[in-house]
Amino acid sequence: MNKPADVAASNRPLSNTKPVKPCAYEEADLGFRNHWYPAMLSSHIRETEFKTLTILGEDILFKRVDGIVYAVHDECAHRGFQFSAKPESHTKNTVTCYFHGFTYNIKNGELIGVPSDPSSKLVGKVKLHSYPIQEAKGLIFIFIGDIEPPPLSDDVPPAFLDDTMHIVPFHQEDVHANWRVAADSASEFNHVFMHKDDLLIKYWKQPLPLVEMPKGDNPYEGYVPLEGPGPKGFKDVFREVIPVFEYQFECEGEKGVIRSAFDPKEHQGTMNLGVMEGILVLPCGLRIGPWGANPGEMGGDYYHYEWYVPIDETHHRYIIAWGKYVANAAEALKVEHDVRTRWSYLEYEGFNKSDVLANEGTQRAYSAPGYAFGEKENLSRIDGYCLMWRRMAAKHNRGRQVRYGGKK
Ligand code: FES
Ligand code: FE
């Protein structure tokens, strides 16, 4: 079971029928309600198998039946037994509660029978919350909310669902950090400082700058809002900055120097900086690409997708997939092989693992009382990425997620 130890006891679905109203970013500790989220990799749930996950503070039971994944609230409506504590099933379409045997249709959550009271009036009346699910590109997406779900394409980064985009999801991990800590620096360029010694950069022989200085004083400059039809968020085209490859400093008479792994004078820049874009969209998905070195064998024509799915107030689920445009099945197979045997390792172990370390290392400060977003941080003109994201997220989210019984 995939559940952090400090999750609160009552992770129930909400039933909020109030009109959708965007909430402040600072209030979104459990994420934004009424959005689609990737729950897990498709390969993580096989035919007849039960899986439980906590998403946005709700405990959810998944089952795959005849290839299709269904999801209901992971709590019996009789007296609250958590099905996943001992999942029981006697037909493919049902879940039976281990405690007193109440049996439910997994496809819609309806109570279909009570062993000790076959004529119970509860049958046909009582219903577990049933979640809309869509499986696409090797991921299981779930809609957490109360409204009629919008198209999935409104809640995923651009081109993810394109027919010719072959996607290979390859990583899923629960990270001990609130989802906003990760989203705030998704592809923010100054955090490349911590990537300076990463294996992927060395593999590419990449003269990645240590940091980048903004050219102007307006922190929002250079970021393009995405507010039309489709996903909402913003785009960063990585151009209007001054790259810094060497940083010298002095303290108490001692000189120090920090350098990028490769000298740009000796190594011609190979990164696709001229065409690379970072796109961060609601509720929590990033696309970056074309990613990395020049197109071809070095992986530079791939698109990197990732999500920071809220689990609870102090954890998020980090999901990574790579995608590439392909013309036919043979090309798709090659991409599949290339990502699984090379890039999944280099990208996660040699790069994104550093992001996990940074996010987990930052969590303590953000969970401390009084350190609410924007209160004790010292943001400046270098933090335009984070400021832009917070602005767009606050404007376009479809509502606040609160715990069952919590104040809206
Ligand atoms: Fe599930 Fe009683 S708690 S049947
Ligand atoms: Fe990073």
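Described in the following lines is the structure provided in the data block. Each chain carries its own residue numbering, running from 1 in the written order of its sequence. Following the order in which they are written, the chains are lettered starting with A and the ligands numbered starting with 1. For a predicted model such as this one, the threshold for reporting local features is a pLDDT of at least 70, and the threshold for listing and counting side-chain atom pairs is 80 or more; totals across whole chains, interfaces and linings nevertheless cover every residue. Hydrogens and waters are ignored; side-chain quantities use all the structure's heavy atoms.

## Concerning the overall build of the protein chain
Here is the rule we go by: To qualify as a helix, a DSSP run of H or I must reach at least 4 residues; to qualify as a strand, a run of E must reach at least 2; elements of each kind are numbered from the N terminus. The globule rule is 2.2 Å times the number of residues to the power 0.38, and the radius of gyration it is compared with is taken over C-alpha atoms. The rule is simple: take the accessible area with a 1.4 Å probe, protein chains only, and divide by the maximum for that residue type; under 20% is buried, over 50% is exposed, in between is partly exposed. Residue contacts are counted whenever heavy atoms from the two residues lie within 4.5 Å of one another. Positive charges come from Lys and Arg, negative ones from Asp and Glu, while His and the chain ends are left out of the count. Note on charges: their place is set at NZ of Lys, CZ of Arg, CG of Asp or CD of Glu.
Assigned secondary structure in the protein chain consists of four helices and 20 strands. For 408 residues, the compact-globule formula gives about 22 Å, and the C-alpha radius of gyration of the protein chain, at 23 Å, lands near that figure. Dimensions of the protein chain along its principal axes, counting C-alpha atoms only, are 80 × 55 × 40 Å. Taken across its 408 residues, the protein chain has 51% of its residues classed as buried. Taking the intrachain contacts of the protein chain between residues at least 6 apart in sequence as the baseline, contacts between residues at least 24 apart amount to 65%. The distance from the centre of the 46 positive side-chain charges to the centre of the 55 negative ones in the protein chain is 5 Å.

## Remarks on the sheet that holds strand β1 (residues 35–41)
Our working rule: Note: two strands are recorded as paired if DSSP finds a minimum of 2 bridges between them. Note on geometry: axes are lines fitted to C-alpha atoms, helical ones only across the stretch in contact, with angles between N-to-C directions running from 0 to 180 degrees.
If you walk across this open sheet you meet the three strands as β1-β9-β8, and the pairing is antiparallel. In this open sheet, the two edge strands, each paired with only one partner strand, are β1 and β8 (133–136). The average angle at which neighbouring strand axes cross in this sheet is 30°, direction not considered. Bridge count between β8 and strand β9 (residues 139–144): four bridges; the pairing is antiparallel. Across the sheet, residue Q134 finds its bridge partner in β9, namely F141.

## A look at the nonpolar core
Put simply, the rule is: Nine residue types can take part in a nonpolar core, namely buried Ala, Val, Leu, Ile, Met, Phe, Trp, Tyr and Cys, and a core is a set of them joined through side-chain atoms within 4.5 Å.
Formed by 83 residues in total, the largest nonpolar core has its most connected members in I55, F62, I142 and W307. Considering each element in turn, this core owes the most residues, eight residues, to helix α3 (residues 329–367). Discounting chain neighbours no more than four positions away, the residues touching I55 are A39, I60, F62, I142, I144, V309, P310, I311 and R317. Membership of the second largest hydrophobic core comes to 16 residues, among which are F102, Y104, V114 and L128.

## Re the coordination of the iron ion (ligand 2)
Our working definition: The donor definition counts N, O and S atoms within 2.8 Å of each metal and applies 3.2 Å to Na, K and Ca; water is not among these atoms, so some sites may look incomplete.
Protein coordination at the iron ion (ligand 2) comes from H191 (NE2), H195 (NE2) and D355 (OD), with a distance range of 2.0 to 2.1 Å. Written as a sequence motif, the donor arrangement for the iron ion (ligand 2) is H-x3-H-x159-D. Assessed through its relative accessible area of 15%, H191 is described here as buried. Taking the relative accessible area as the measure of exposure, H195 reaches 0% and is therefore buried.

## Examining the layout of surface pockets
For the record, the criterion: Here a cavity denotes grid points, spaced 1 Å and computed from the protein atoms alone, that fit a 1.4 Å probe unable to get out, and a pocket denotes an open set having protein on both sides within 12 Å along at least 5 of 7 lines; residues with an atom within 4 Å of a point are the lining. Grid points are joined across faces, edges and corners, and a volume is the space filled by probe spheres set on the points. The residue classification treats Ala, Val, Leu, Ile, Met, Phe, Trp, Tyr, Cys and Pro as nonpolar and Asp, Glu, Lys and Arg as charged. All others, Gly included, are polar.
A volume near 470 Å³ is recorded for the largest pocket. Taken together, 26 residues form the lining of the largest pocket, with V181, S185, E188, N359 and T362 sitting closest to its centre. Contributing elements (two or more residues each) for the lining of the largest pocket: α1 (179–183), β19 (302–312), β20 (315–325), α3 and α4 (384–396). The element best represented in the lining of the largest pocket is α3, accounting for six residues. Across the lining of the largest pocket, the residue classes break down as 13 nonpolar, six polar and seven charged. Looking at the second largest pocket, its volume works out to about 340 Å³. Contributing to the lining of the second largest pocket are 24 residues, with P214, E221, Y223, E240 and V241 lying nearest its centre. Sorting the residues of the lining of the second largest pocket by element identifies β11 (211–214) and α4 as the ones contributing at least two each.

## Regarding the packing of aromatic side chains
Here is the rule we go by: In this scheme Phe, Tyr and Trp rings, the latter by its six-membered ring, pair at centre separations within 6.5 Å, and the angle between planes marks the pair as stacked below 30 degrees, edge-to-face above 60, and tilted otherwise. Charge-over-ring contacts are defined here by two conditions on Lys NZ or Arg CZ: a distance within 6 Å of the ring centre and an angle within 35 degrees of the ring normal.
According to the stated counting rule, one finds 24 aromatic pairs in the structure shown. Judged by centre distance (6.1 Å) and plane angle (20°), the rings of Y308 and Y318 are stacked. Of this pair, Y308 sits in strand β19 while Y318 sits in strand β20, placing them 10 residues apart in sequence. For the pair Y308 and Y318, a shared accessibility class is recorded, and that class is buried. Between R180 and the ring centre of Y25, over which it is positioned, the NZ or CZ distance is 6.0 Å. Above the ring of Y220, the side-chain terminus of R391 is found at 3.6 Å from the ring centroid.

## Notes on the environment of L41
Take L41: it is sitting in strand β1. The spacing of L41 and A159 is 118 residues in sequence and 19 Å in space, taken between C-alpha atoms.

## Quick look at unusual backbone geometry
Going from L282 to P283, the amide bond is cis rather than trans, its omega being 5°. Mapped onto the fold, P283 is located in the loop between β17 (277–281) and β18 (285–291). Along the chain, G289 connects to P290 via a cis peptide bond; the corresponding omega equals 0°. On the secondary structure map, P290 appears in strand β18. A positive phi angle is found at N34, which is not glycine, with a value near 70°. As for its position among the elements, N34 is in the segment before β1. Under the relative-accessibility criterion, N34 is labelled buried at 3%. A positive phi angle is found at L56, which is not glycine, with a value near 50°. In this fold, L56 is placed in the loop between β2 (50–55) and β3 (58–65). Among the residues examined, L56 registers a relative accessible area of 1% and is labelled buried.

## Description of the pattern of salt bridges
Opposite charge on two side chains makes pairing possible when the charged atoms of those side chains draw close. Quick note on the threshold: Just to be clear on terms, a salt bridge is a Lys or Arg side-chain nitrogen sitting within 4 Å of an Asp or Glu carboxyl oxygen.
Per the stated rule, a full pass over the model turns up 20 salt bridges. Sharing partners across several salt bridges, the network here consists of R33, E58 and D146.

## Looking at the side chain of R180
The topology assignment puts R180 in helix α1. For the buried R180, no salt bridge exists, and the shortest N-O distance to an oppositely charged side chain is 5.4 Å, to D29. Setting aside residues no more than four positions away along its own chain, R180 makes contact with Y25, E26, E27, A28, D29 and F373.

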